[in-house]
2 protein chains.
Amino acid sequence: MTDPWANAAVAARVTVGADLHLELRGPRLRAGLMDALREAVRTGRLAPGTRLPSSRSLAADLGVARNTVADAYAELVAEGWLTARQGSGTRVARRAAPRARPRQAAPAVAASARVRPRRGALHNLHPGVPDLGSFPRGEWLKAARRALTAAPHDAFGYGDPRGRIELRTVLADYLARARGVHAHPDRIVICSGFVHGLMLMAKVLRARRVRDVAVESYGLDVHWNILADAGLRTTALPLDEQGTRTDALGAQGAVLITPAHQFPLGGALPPERRAAAVDWARRAGALILEDDYDGEFRYDRQPVGALQGLDPERVVYFGTASKSLTPGLRLAWMVLPEALAGEVAEAKGPVDWASGALDQLTLAEFVSSGAYDRHVRSMRLRYRRRRDQLVAALAERAPHIEVSGIAAGLHAVLELPPGTERSVVQAAAWQGLALQGLDGFRNPHVQRTRDGLVVGYGTPTDSAWAGALDALCRVLP
Amino acid sequence: MTDPWANAAVAARVTVGADLHLELRGPRLRAGLMDALREAVRTGRLAPGTRLPSSRSLAADLGVARNTVADAYAELVAEGWLTARQGSGTRVARRAAPRARPRQAAPAVAASARVRPRRGALHNLHPGVPDLGSFPRGEWLKAARRALTAAPHDAFGYGDPRGRIELRTVLADYLARARGVHAHPDRIVICSGFVHGLMLMAKVLRARRVRDVAVESYGLDVHWNILADAGLRTTALPLDEQGTRTDALGAQGAVLITPAHQFPLGGALPPERRAAAVDWARRAGALILEDDYDGEFRYDRQPVGALQGLDPERVVYFGTASKSLTPGLRLAWMVLPEALAGEVAEAKGPVDWASGALDQLTLAEFVSSGAYDRHVRSMRLRYRRRRDQLVAALAERAPHIEVSGIAAGLHAVLELPPGTERSVVQAAAWQGLALQGLDGFRNPHVQRTRDGLVVGYGTPTDSAWAGALDALCRVLP
């Protein structure tokens, strides 16, 4: 089936102080509206202090549901782009303009990355960003010095599109050891992030005449959009208490899944579902795209090994330093079936997207020296403590709220009473607490069946954590 | 007009030991054949030692001119992928496979970057790569330490798609000072190289309903292909002794030019031609895409200022660290008209291509500390010496060869007697000297009118330079 929203475009010329043209595209109207408003603020078309139309009237102008606009306003308030005061309505925040606070202007990535970075909200519990204050600067510099001293001259030239051989060699060893990945340096391609890798893969799938890709019921719309932009149709797999129904895979040419730690629900795909996926891929001659975004962080038992180990010729493994170290490095990696490695390198090479050689060489040194393992271990302890504090606080102050997906990763899912999700997110937004509801991660093809929050506990700094936790408990029903 | 080659695809199944399927795409058959052969060698489909069919029989199989195949073979011999011995024909080189020499396997970028890096050729005089041995490792590390110590936590997060504000701020100042660019940090977008920036721009141009983009008679096919891939038609502007005929601009929506130092011919666009371009852009509401790839390196007078200064609202300025520092950094920058900055950031952001934050912060520190200026000055002296040695050697040993394009940059153009270019390039290849003829840079729409060589004198290390120069003089007619 095709995505009914894929080509939907809602446009309206609404008078907001100046004449402002808003055009909404893509599968998610709310996200589209938020992007359009952020862009209008960032470019100054919406001046600080400008009063926005009421959600009712803008919804009418755009011909969308009022809640779509109300939700977008609430999120943008939480992100600090807008302010809302009883009586004075919703206005463009004074501090939202990039000239005023350049370091905070990140609208596009904000809309695309795994999480929207805080935007002046008092507290941010969005999932997907690690504790940035913990980046091991000193250790990294030491590794950079060793790497730069040892690098051959050609390290500074136009490199192998697959990335530096030093890093691919070290990763092949690390991934085998830490994630059970069957890897060979020749089959690894370094990319600038999971999204970059997925774009390359989508290009290759289309070139191979693949038309349909299965995705999970809950995930990130930016990933679905990348597949759609490449001309691939996405179909959402059904979900049950065991997790994604990989046994329901059919005529698709590939499936994108998060087996070690479903994003955002947090479960691990059970062994029989893993086997079902691999059997299907062999039977159908299809590919499994395994997004192993935070596989290193599992608390209550050994990390769940990568699915890729089951059949390296049928699984494309995606790993990243964005959660284990920092997204600022823009370093991720793909481990590819032998038949695909060349095609992906071709797709990457001609458009010249190699990541910086120095960071690649430094990461190679950082991993081979053992600093990476030490860092992951200490972060695991830190995140686990956060997780325990979250669970304890909820048990004490909101015992009726069920928490799930806590065995791994940097976020948890809080079940909410039916029909309360939107109001909780909005109430939090008014109080400067940035929360994301489950609904924002629901595939547009999938029925809404539950209310909940996806709470990222990795993001706040240590000093802000207690306050964020308290603010969370206060807004829970 | 449309590119007659744009959709041309020649395919053949030729038996080369194993059954090898070659498919040629894109505007340049020879480049396509070379890519296909490199890929076949890299992936092992063509094993080391395999004897290739004669250029005559492969040309017949592919239905292309025999010279197309002969040239491709010669280039690949020069690049070290193939070997050619009188009697034993052309074979896959023993050392070409990545497993054997992983650091040398860069086929895809090789085909796309400004130059194909050496591939085991004894000497490489291809244009476009700076002296990699001169990268200032110590100074860079000092800058990295200062930058990393001073960086705020959020430097490690998902950043502004435009790039780090610290770097954009420093570049705005540097570009105004060194290149006469009218720049504001909000209008600068950091990208991973010129090609990345051009891809973003092509996307934005298409979104703005632009259909035709004018290019120069000589340039790089990878750039023309990027425009074509984005759905833009390219038309080549005529050329005369003054340079590119910008007065011939017509219905196109944009023009891609290298005003400070035409690539590869080497001339500077005269003032009246610059004015003609700007007048046209204003009249037609069109854009000028200014590729200022090596603007810092001018020897006989002050650098020619950027065209962008004439009309910042009509010119998109592209600069890069690939020539001034090293391509390994993957750092370049665009300075955009105010109306475009937001659109380009949107085009870049959602696909998450930010360059690494640490390299951006380090470059900002490197520039603001004056280290960048010092490095450019010392490299300018070094390249100028090379240029002088080249001119002197030719004057002595090949006085009949005219040299042009020597006032700036890292390469010169040597005029050859009509009809001799191909044989000179091939003769050089047999002797392990990698040379590129003018014809490889000719736009497919343009008649071949001259024979010549584009000699890059920046690439060889100091120790290899004398030998390369001697080898060059020996192959000249």
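Residues numbered from 1 in each chain as written. Chains lettered and ligands numbered in written order. Predicted model: local features only at pLDDT ≥ 70, side-chain atom pairs only at ≥ 80, totals over all residues. Heavy atoms only, no water.

Further remarks concern the pattern of salt bridges. Applying the stated rule across the entire model yields 60 salt bridges over all chains. A salt bridge links Glu166(B) to Arg164(B); its shortest N-O distance comes to 2.9 Å. Both residues of the pair, Glu166(B) and Arg164(B), belong to the buried class. Salt bridges sharing common partners tie together Glu421(A), Asp439(A), Arg442(A), Arg448(A) and Asp451(A). (Salt bridge = Lys/Arg side-chain N within 4 Å of Asp/Glu carboxyl O. Buried < 20%, exposed > 50% of the residue type's maximum accessible area, 1.4 Å probe, protein only.)

With that settled, the discussion passes to helix 1 (residues 29–42) of chain B. All names here are of chain B. Taking 1.5 Å of rise per residue, the 14 residues of helix 1 would be expected to cover 20 Å, and the 20 Å separating its terminal C-alpha atoms lies within 8% of that figure. With 12 of 14 residues buried, helix 1 lies mostly within the body of the structure. Listing the buried residues of helix 1 in full gives Leu29, Ala31, Gly32, Leu33, Met34, Ala36, Leu37, Arg38, Glu39, Ala40, Val41 and Arg42. (Helix = DSSP H or I, 4+ residues; strand = E, 2+ residues; numbered from the N terminus. Expected span 1.5 Å × (residues − 1).)

Residue and element names in this part refer to chain A. Scanning the model with the defined rule gives 16 aromatic pairs over all chains in all. On the basis of an interplanar angle of 50 degrees and a centroid distance of 5.4 Å, the ring pair of Trp140 and Phe366 is categorised as tilted. Pair noted here: Trp140 is in helix 5 (residues 137–150) and Phe366 is in helix 12 (residues 357–368), with a separation of 226 residues, a long-range link. What makes Trp140 buried here is its relative accessible area of 3%. Among the residues examined, Phe366 registers a relative accessible area of 0% and is labelled buried. (Phe/Tyr/Trp six-rings, centres within 6.5 Å; stacked < 30°, edge-to-face > 60°.)

Before going further, it helps to examine the pairing of strand 8 (residues 233–236) of chain B. Residues and elements named next belong to chain B. Pairing analysis gives four bridges linking strand 7 (residues 212–215) to strand 8, with the strands arranged parallel. If you follow Val213 over to strand 8, its bridge partner there is Thr234. In terms of handedness, the path from strand 7 via helix 8 (residues 221–229) over to strand 8 forms a crossover that is right-handed. (Pairing = 2+ DSSP bridges. Right-handed = clockwise from strand over helix to strand, strands pointing away.)

Mapped onto the elements, Arg45(B) comes out in the loop between helix 1 and helix 2 (55–62). Residues Arg45(B) and Asp470(B), 425 residues apart in the sequence, show an inter-C-alpha distance of 37 Å.

This part covers the sheet that holds strand 16 (residues 411–416) of chain A. By definition, the strands of a sheet pair up through backbone hydrogen bonds, in either a parallel or an antiparallel sense. Residues and elements named next belong to chain A. Spatial ordering of the open sheet is given by 15-16-19-18, a layout of four strands whose pairing is antiparallel. Because the sheet does not close on itself, it has two edges, and the strands there are strand 15 (403–404) and strand 18 (436–437). With six bridges joining them, strand 16 and strand 19 (residues 451–456) adopt antiparallel strand pairing. When the sheet's bridge partners are listed, His411 is paired in strand 19 with Gly456.

All names here are of chain A. Domain boundaries in chain A define domain 1 (4–92), domain 2 (138–369) and domain 3 (373–475). Counting residues at the interface gives 13 residues for domain 1, matched by 15 residues for domain 3. Carbon and sulfur atoms supply 56% of the area that domain 1 and domain 3 bury against each other, a total of about 1000 Å² over both sides. The interface formed by domain 1 and domain 3 includes zero salt bridges. Remark: the boundary between domain 1 and domain 3 carries zero residue pairs in polar contact (both at pLDDT 80 or more). Considering every element that reaches the side of domain 1 that touches domain 3, the biggest residue donor is helix 3 (residues 66–78), with seven residues. (Domains from an automatic or database assignment. Contact = heavy atoms within 4.5 Å. Buried area = accessible area lost by both parts, 1.4 Å probe. Polar contact = N/O pair within 3.5 Å; in protein donor to acceptor, adjacent residues only side chain to side chain.)

Quick look at the pairing of strand 16 (residues 411–416) of chain B now. Residue and element names in this part refer to chain B. Counting buried residues along strand 16, six of its six residues qualify, which places the element largely inside the surrounding structure. Burial along strand 16 is two-sided: His411, Val413 and Glu415 and Ala412, Leu414 and Leu416, pointing in opposite directions, are all buried. By the bridge criterion, two bridges tie strand 15 (residues 403–404) to strand 16 in an arrangement that is antiparallel. Across the sheet, Val403 pairs through a bridge with Leu414, a residue of strand 16.

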